[in-house]
Amino acid sequence: MKYLNFDDQLNKYISKHNDQDDELLKELREVTYQKTGRKMMISPDQAQFFRTLLACLQPRKILEVGVFTGYSSTVMARVIPDSARIVACDISEEWTAIAKEYWLTAGVDHKVSLKLGNANLTLSELIEKGNKSTFDMAFIDADKISYDDYFEKAIKLLKPKGIIIIDNVLWKGTVAKPERVDEDITALRHLNDKLAKDERVYSTLLPIGDGMLMITKL
Ligand SMILES: C[S@@+](CC[C@H](N)C(=O)[O-])C[C@H]1O[C@@H](n2cnc3c(N)ncnc32)[C@H](O)[C@@H]1O
C-alpha cells in the first residue's frame, strides 16, 4: 500500500496550493467565526475541490444538506450555470440569515432555494413531491447521526451517474481509533463500512479536509 504521512508541514504545503478564496469568502469565514463562535464550514482546500469538480460537471440541480452561514453554497453557486439551482436545507434560521446576506452580496441568491426545517423531513417531502432521480449532485454536511438517512434519501433523489459528497467522514481521525466510541463516530463508521461495499455506487474516501466520501450512483 502506498500512502503519505500527512504531517503539519505537508498539510500546510497542500493548503497553500489549494486556495482560491477571494476577499468575500475570507470575510464570510471571519464574520461566521465572530457571530457564531464556530468553524463548521468546509475548509478552503475543500472549497477548491468543489470548484474543480463543479466546473467540470456543471450540475443543474444540487441538494445541500447543511448550509450553516453559506460558505459551501456560495462557493458552489458561483461555479454553476446561471439557470442551475441549489436546494439548500438547514434547521437554523439564525445561521442561514448570514448565508442569505452573503448569497445576495455574491450575486447568487437567485440560484439558491433555502428549505428551513429538519432536513430528514425536507428530503422526504422532495421525494414525495416528484423529485426522484432529478438531482445531479448532493452535498451532505449536517448532523452525523442522520447521515445514513440523508444518504438513502439523496440516492433516491439523484440521477444515475449523479455525485454525492459527504463531509467529515474521518471525524478528525477518530473513526480509525477503536478506543474512541460515541454516537457520531459510530454513525460515521457504519456509513464508511456500508459504502465501501455498496453495489449501488462507486465510493471513494478522500483524505481532504476532515475526510470526504465521493460517491457515484451507478
Ligand atoms: C457543518 S455545518 C454546514 C456547513 C456548510 N456546509 C459549509 O461548509 O459552509 C452543519 C449544519 O447542519 C445543520 N443541521 C444540523 N442538524 C440538522 C437537521 N436535522 N436538519 C437540517 N439541518 C441541520 C446545522 O444547523 C448546521 O448549520
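Model, not experiment: these values are computed from the prediction.

Draft legend 1. How the structure looks around unusual backbone geometry. Of note, K161 is a non-glycine position whose phi angle comes to about 75°, a positive value. Residue placement: K161 occurs in strand β5 (residues 158-167). One non-glycine residue, K172, lies in the positive phi region at around 55°. Here K172 is to be found in the loop between β5 and α8 (183-196). Exposure remark for K172: the relative accessible area of 75% places this residue in the exposed category.

Draft legend 2. Focus on α8. The end-to-end C-alpha distance of α8, which contains 14 residues, comes to 20 Å, matching closely the 20 Å that a straight helix rising 1.5 Å per residue would cover. I185, A187, L188, R189, L191, N192, K194 and L195 are the residues of α8 that are buried.

Draft legend 3. How the structure looks around the nonpolar core. F50, L54, Y71, M76, M137 and I165 are the most contacted members of the largest nonpolar core, which totals 34 residues. By residue number, the principal contributor to this core is helix α3 (residues 44-57), which donates five residues. Excluding anything up to four places from it in sequence, F50 contacts I42, V75, M76, M137, F139, I165 and M212. In terms of nonpolar packing, the next biggest core, distinct from the first, is built from 29 residues, V87, Y147, V169 and V201 among them.

Draft legend 4. Representation of the site of the ligand within the structure. The environment of the ligand is formed by 20 residues, the closest being I42, G66, D90, A119 and D141. The contact in question runs from a nitrogen atom of the ligand to an N or O atom on the side chain of N118, over 3.4 Å. The backbone of A119 places a nitrogen or oxygen atom 2.9 Å from a nitrogen atom of the ligand.

Draft legend 5. Fine view of the packing of helix α2 (residues 23-36) against helix α4 (residues 71-79). In contact at an axis separation of 10 Å, α2 and α4 are set at 165° when each is read in the N-to-C sense. Here α2 lies roughly antiparallel to α4, going by the angle between them. Crossing of α2 against α4: the hand is right-handed. Contacts from L24, L25, L28 and R29 of α2 reach α4 at Y71, T74, V75 and R78. Its residues placed into classes, the contact of α2 with α4 shows five nonpolar, one polar and two charged.

Draft legend 6. Molecular detail of the pattern of salt bridges. Under the counting rule described, the total for this entry stands at eight salt bridges. Across the pair D22 and R78 runs a salt bridge whose closest N-O atoms are separated by 2.9 Å. Taken together, the residues span a long stretch of sequence, with D22 in the loop between α1 (8-16) and α2 and R78 in helix α4 at a distance of 56 residues. Look at D22 and you get partly exposed, because its relative accessible area is 31%. Its relative accessible area of 33% is what places R78 among the partly exposed residues. Linking D148 and K194 is a salt bridge whose minimum nitrogen-to-oxygen distance equals 2.6 Å. Of this pair, D148 sits in helix α7 (residues 147-157) while K194 sits in helix α8, placing them 46 residues apart in sequence. Classification of D148 by relative accessible area gives partly exposed; the value is 22%. What emerges from the salt-bridge pattern is a single network uniting D148, E152, K194, D198 and R200.

Draft legend 7. Main features of the confidence of the model for the protein. Model confidence for the protein is summarised by a mean pLDDT of 97, while 100% of its residues fall at 70 or above. Ranking the helices and strands of the protein by mean pLDDT puts strand β1 (residues 61-65) first, with 99, and α1 last, with 95.

Draft legend 8. Structural view of the side chain of D136. Tracing the sequence through the fold places D136 in strand β4 (residues 135-140). Looking at D136, the relative accessible area reads 19%, which means it is buried. Only 2.8 Å separates the side chain of D136 from the backbone nitrogen of R60, close enough to count as a polar contact. Not counting residues within four places of it along the chain, the set of residues in contact with D136 comprises P59, R60, K61, L158, K159, G162 and I163.

About the criteria used
- Residues numbered from 1 in each chain as written.
- Predicted model: local features only at pLDDT ≥ 70, side-chain atom pairs only at ≥ 80, totals over all residues.
- Heavy atoms only, no water.
- Helix = DSSP H or I, 4+ residues; strand = E, 2+ residues; numbered from the N terminus.
- Buried < 20%, exposed > 50% of the residue type's maximum accessible area, 1.4 Å probe, protein only.
- Expected span 1.5 Å × (residues − 1).
- Core = buried A, V, L, I, M, F, W, Y, C linked by side-chain atoms within 4.5 Å.
- Contact = heavy atoms within 4.5 Å.
- Near = heavy atom within 4 Å.
- Polar contact = N/O pair within 3.5 Å; in protein donor to acceptor, adjacent residues only side chain to side chain.
- Axes fitted to C-alpha atoms, helices over the stretch in contact; angles between N-to-C directions.
- Parallel < 35°, antiparallel > 145°, perpendicular 65-115°, else oblique.
- Left-handed = near helix turned anticlockwise from the far one by under 90°.
- Nonpolar A, V, L, I, M, F, W, Y, C, P; charged D, E, K, R; others polar.
- Salt bridge = Lys/Arg side-chain N within 4 Å of Asp/Glu carboxyl O.
- pLDDT = per-residue confidence, 0-100.

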